Amino acid sequence: MCGIIAAASTRNVGKLLVQGLHKMEYRGYDSAGIALHQENSIAHLRSVGKVQLLEEKMIEEKPKSKLGIAHTRWATHGEPSEANAHPHKSKESVYIVHNGIIENYVELKESLIAKGYDFTSQTDSELIAHLLDFFINKGNSMIEAMYLAKEKLDGAYAIAAIDLKDNSNLVVARNKSPLLIGLGTDEMFAASDPLAIAQLTNDFIFLEDGDVASISAEEYKIYDSSKAEVTRDVTHIDISSQATSKGDFRHFMEKEIYEQPEAVSSTIDGRIGGEDVLDNIFGLGSSDLFSKVERIQIVACGTSLHAGRVAANWFSSIAELPCQIDYASEYRYRNPHVDKNSLLITISQSGETADTLAALNYAREKDYLASLTICNVPTSSLARESDFSLFTNAGPEIGVASTKAFTTQLAGLMLLALSLAKSRNLNPLLRGRIIKALRLLPETIAEALLCKEKMIEIAPSIANKDNALFLGRGIFYPIAKEGALKLKEISYIHAEAYPAGELKHGPLALIDENMPVIALAPESEIAEKLISNLEEVKARGGTLYVFADPSVNMDVKAGHLIHMPKCDFFMTPIVYNIPLQILSYEVALLRGTDIDQPRNLAKSVTVE
Ligand code: F6R
């Protein structure tokens, strides 16, 4: 989704702003632009498509500047076009970049048109430039103008602005959309994503909602929502360049799939000891709090929601707790009833997903015991706004399609199920068994990754189809859903998942020789039932791809039976997901799609 980078320096900033845009490409975008202060004018370049095209314009025009703002846009209001790309300007003087959505843009736009402002885009963002210009022309400083503009704006925003009349300062503002300041030597930066400036500094200040800041090469000043100057903590983060480069892999997604054994070790390490989970791994006081929990509510989106669906099963079977799960985008609109002693759990890779954050904010008004997040980004809004947290330590996930984040979320959620059971004095033997299996998990995942050759062999027979059906039962239904999501988002093949028992209640009508049916058949009490469901598919000509325990044997006719590594049943959802990731990747590779940045998608969905 949209990305902001801004810089004030004693050296030329054009190149480093474009490098920063490249670093944010993984987020998903459709156009890019830059505005560079040049003393008497502002160079303004925009292009539709890849940042590379903007870079080519920069090479041609060679603008020199020590103060600038740049942006990658993911279209919300108005198609991807040069006119809609950021930065937006007002009268060749005020230039802005904006992430988020201005909800009252129609009325604000009308009032600015009435004041004589011309609009050249269909965006909700352009009006911010005009609003700032309006207030600056009334004699206000940039900071004052930003506060006055904020009073008018409803919605979520991170804004960076420059004004032709000031060649050394840029002004930024944050409300419900991430924004941070990066501290350099003789230069300062602002960005919506630390990865954009990770090659320039390791010192970051994460702004809070309501903050406005002015930034020059030498200093920054931060003011809170009451306009008082405030000091915010400096966070030191060393994001190694190895973590943000593809190395020898063809795509970030491929790299992230094969990083999973190591990523899962990082989630588990230091959190288990002997035959149990350690106390308070979700924060001081978490173990005590867990003994009071009587009910769980999960909210999340997409892949993170699928992790939650698997975990709901574990909370019930290991910690004996009922669990309700909602799409974050739906939760606050169903007027949820909150039982006493309920724990709210959010799950998110980025920690910046707008719907999940909005659900957390909504839930704060309700009578939850506490909120807890399973998240991959310790500096994210979700991490800062939750009472308790467990960071998955997966390292930066750059591919839009989530892989290692999902696997580590599952490992983190298993730790949570175990912690809840421990605090409630439940199932010590089972806990010991699961801890043993968790220790073996990185090895088991490494073994599952060896199915790559088999996936390469079967990928062509799926790559030439328009649809695919994924089947699972029980705890494997969410894994089937995740498999279908992965395939559709990176290969653009329409894929759906069903609990296998539902097949004959409708979807069986879809089965013919053009419908690959991908089924998960671990050894379990329902494996036999699943196999009868698969017989129904076979009898109707569907091609079967069955991922199964070595003990499962069935005649798949022209299809494929893929035996998975043996592991404890509680680890199977995690392990069976691995070949589905590889299969999607290999199918997408054959179809030549943009695997790391699939069309229309964004990595961090910061608008509701
Ligand atoms: C799919 C995918 C998305 C995210 C969803 C939530 O591969 O990555 O479905 O899971 O957008 O994002 P986070 O986890 O950052 O809240």
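For the structure itself, look to the data block above.
Since the structure is predicted, the reported quantities are computational estimates derived from the model, not experimental observations.

Asker: Explain the pairing of strand β4 (residues 67–73) to me, please; I cannot follow it from the model alone.
Answerer: Within a regular beta strand, the side chains point alternately toward one face of the sheet and then the other, so they alternate between its two faces. Among the 7 residues of β4, 7 are classified as buried, and the element is accordingly described as predominantly covered. The alternating pattern of β4 places Leu-67, Ile-69, His-71 and Arg-73 on one face and Gly-68, Ala-70 and Thr-72 on the opposite face, and all of these are buried. In terms of strand pairing, strand β2 (residues 31–37) meets β4 through 6 bridges, oriented antiparallel. For Ile-34, the partnering residue across the bridge sits in β4 and is Ala-70.

Asker: Please clarify how the packing of aromatic side chains should be interpreted in this entry.
Answerer: Aromatic rings considered in pairs are described by the distance between their centres and by the relative angle of their planes. For the structure on display, the rule yields 8 aromatic pairs. When the centroid spacing of 5.6 Å and the interplanar angle of 65° are considered together, the rings of Phe-282 and Phe-290 count as edge-to-face. For Phe-282, a relative accessible area of 1% translates into the label buried. Assessed through its relative accessible area of 0%, Phe-290 is described here as buried. Aromatic ring contacts, followed pair by pair, group Phe-476, Phe-569, Phe-570 and Tyr-576 into a single cluster.

Asker: So what exactly am I meant to see when it comes to the pattern of salt bridges here?
Answerer: Opposite charge on two side chains permits them to pair, given that their charged atoms come into close proximity. For the structure shown, the criterion picks out 30 salt bridges. With a shortest N-O distance of 3.4 Å, Glu-82 and Lys-57 are connected by a salt bridge. Of this pair, Glu-82 sits in the loop between β4 and β5 (88–90) while Lys-57 is found in helix α2 (residues 51–61), placing the two residues 25 residues apart along the sequence. Take Lys-57: its relative accessible area is 26%, and that puts it in the partly exposed class.

Asker: When you look at the site of the ligand in this model, what are you seeing that I'm missing?
Answerer: Around the ligand sit 14 residues, and of these Ser-304, Ser-348, Ser-350, Thr-353 and Glu-489 come closest. At a separation of 3.1 Å, an oxygen atom of the ligand approaches a polar backbone atom of Thr-303. For the ligand, an oxygen atom lies 2.7 Å from a polar atom in the backbone of Gln-349. Considering the ligand on its own, with 410 Å² of exposed area, one finds that the protein chains cover 90% of that surface. Looking at the shell around the ligand, the elements with two or more residues in it are α10 (302–317) and α17 (476–491).

Asker: Looking at this model, I keep getting lost on unusual backbone geometry. Mind explaining?
Answerer: With the exception of glycine, the majority of residues adopt a negative phi angle, and the majority of peptide bonds are in the trans configuration. A cis amide bond links His-86 with the next residue in sequence, Pro-87, at an omega value of -5°. Mapping Pro-87 onto the fold places it in the loop between β4 and β5. At Asn-335, a position not held by glycine, the phi torsion is positive, near 50°. Inspection of the secondary structure puts Asn-335 in the loop between α11 (328–331) and β20 (342–348).

Asker: Would you mind showing me how to read the nonpolar core here?
Answerer: In summary, soluble globular proteins display a tendency toward joint burial of nonpolar side chains. Of all hydrophobic cores here, the largest spans 91 residues; its most connected members are Phe-282, Trp-314, Phe-315, Ile-318, Phe-470, Phe-547 and Met-571. Counting residues per element, this core draws most heavily on helix α14 (residues 404–423), at 11 residues. Filtering out sequence-adjacent residues up to four positions away, Phe-315 remains in contact with Ile-296, Ile-298, Glu-320, Leu-321, Cys-323, Ile-345, Leu-413, Leu-416, Ala-417 and Leu-420. Ranked by size, the runner-up nonpolar core spans 29 residues in total, among them Ile-96, Leu-108, Leu-127 and Ala-149.

Asker: Is there a simple way to explain helix α12 (residues 354–364) in this structure?
Answerer: Side chains three or four residues apart in an α-helix point the same way, a direct result of the helix having 3.6 residues per turn. Of all 11 residues making up α12, 8 are buried, and the element is well covered by its neighbours. Those residues of α12 that fall on the buried side of the exposure criterion are Ala-354, Asp-355, Thr-356, Leu-357, Ala-358, Ala-359, Leu-360 and Ala-363. On its buried side, α12 packs onto β18 (295–300), α11, β20, β21 (370–375) and α13 (381–385).

Asker: Can you help me understand the pairing of β2 in this one?
Answerer: Within β2, 7 of the 7 residues are buried, leaving the element largely enclosed by the surrounding structure. Side chains Ser-31, Gly-33, Ala-35 and His-37 project from β2 onto one buried face, and the interleaved Ala-32, Ile-34 and Leu-36 project onto a second face that is buried too. In the sheet, β2 pairs with strand β3 (residues 42–48) via 7 bridges, with the strands oriented antiparallel. Directly across from Ser-31, in β3, lies its bridge partner Val-48. With antiparallel pairing between neighbouring strands as the criterion, β2 and β3 make up a hairpin whose turn holds 4 residues, including Glu-39 at a positive phi of roughly 70°.

Asker: Whenever I open this one, the sheet that holds β5 confuses me. Can you help?
Answerer: Remark on secondary structure: sheet strands pair via backbone hydrogen bonds, oriented parallel or antiparallel. Across the sheet, which stays open at both edges, the 7 strands sit in the order β5-β6-β7-β8-β12-β13-β14 with antiparallel pairing between neighbours. The sheet is open, and its two borders are formed by β5 and β14 (229–230), each paired with just one other strand. Sheet strands touched by helix α4 (residues 126–137): β5, β6 (94–102) and β7 (155–163). Its angle to β6, the strand with the most contacts, is close to 130°.

Asker: It is not clear to me how the sheet that holds strand β24 (residues 494–499) should be interpreted in this structure. Could you clarify?
Answerer: With parallel pairing, the 5 strands of this open sheet are ordered in space as β24-β23-β25-β26-β27. A strand with exactly one partner marks an edge of an open sheet, and here the two such strands are β24 and β27 (560–563). In this sheet, neighbouring strand axes are inclined to one another by 15° on average, regardless of whether the strands run parallel or antiparallel. Inspection of the sheet shows strand β23 (residues 467–472) paired to strand β25 (residues 516–521) by 3 bridges, in the parallel sense. By the bridge assignment, Phe-470 is partnered in β25 with Ile-518.

Asker: Even after reading the chapter, I still don't get the packing of helix α8 (residues 260–268) against α14, so can you show me in this structure?
Answerer: Two quantities define a packed helix pair, namely the angle between the axes and the distance from one axis to the other. Two numbers describe how α8 lies on α14: the axes approach to 9 Å, and their chain directions differ by 30°. Between α8 and α14, the angle is such that the two are roughly parallel. In the crossing of α8 with α14, the sense of the turn from one axis to the other is right-handed. Contacts between α8 and α14 pair Gln-260, Ala-263, Val-264 and Thr-267 from the former with Lys-404, Thr-407, Thr-408, Ala-411, Gly-412 and Leu-415 from the latter. Residue composition of the contact of α8 with α14, by class: 4 nonpolar, 5 polar and 1 charged.

Asker: When you look at the packing of α10 against α14 in this model, what are you seeing that I'm missing?
Answerer: At a minimum axis distance of 9 Å, the contact between α10 and α14 shows a crossing angle of 30°. By the criterion of interaxial angle, the relationship of α10 to α14 is roughly parallel. Crossing of α10 against α14: the hand is right-handed. Along the contact surface, α10 presents Thr-303, Ser-304, His-306, Ala-307, Gly-308, Val-310, Ala-311, Trp-314 and Phe-315, while α14 presents Phe-406, Gln-409, Leu-410, Leu-413, Met-414, Leu-416, Ala-417 and Leu-420. In terms of residue class, the contact of α10 with α14 is made up of 12 nonpolar, 5 polar and no charged.

Conventions adopted
Residues numbered from 1 in each chain as written. Predicted model: local features only at pLDDT ≥ 70, side-chain atom pairs only at ≥ 80, totals over all residues. Heavy atoms only, no water. Buried < 20%, exposed > 50% of the residue type's maximum accessible area, 1.4 Å probe, protein only. Helix = DSSP H or I, 4+ residues; strand = E, 2+ residues; numbered from the N terminus. Pairing = 2+ DSSP bridges. Phe/Tyr/Trp six-rings, centres within 6.5 Å; stacked < 30°, edge-to-face > 60°. Salt bridge = Lys/Arg side-chain N within 4 Å of Asp/Glu carboxyl O. Near = heavy atom within 4 Å. Polar contact = N/O pair within 3.5 Å; in protein donor to acceptor, adjacent residues only side chain to side chain. Areas by Shrake-Rupley, 256 points an atom, 1.4 Å probe, with all protein chains shown as cover. Core = buried A, V, L, I, M, F, W, Y, C linked by side-chain atoms within 4.5 Å. Contact = heavy atoms within 4.5 Å. Axes fitted to C-alpha atoms, helices over the stretch in contact; angles between N-to-C directions. Parallel < 35°, antiparallel > 145°, perpendicular 65-115°, else oblique. Left-handed = near helix turned anticlockwise from the far one by under 90°. Nonpolar A, V, L, I, M, F, W, Y, C, P; charged D, E, K, R; others polar.

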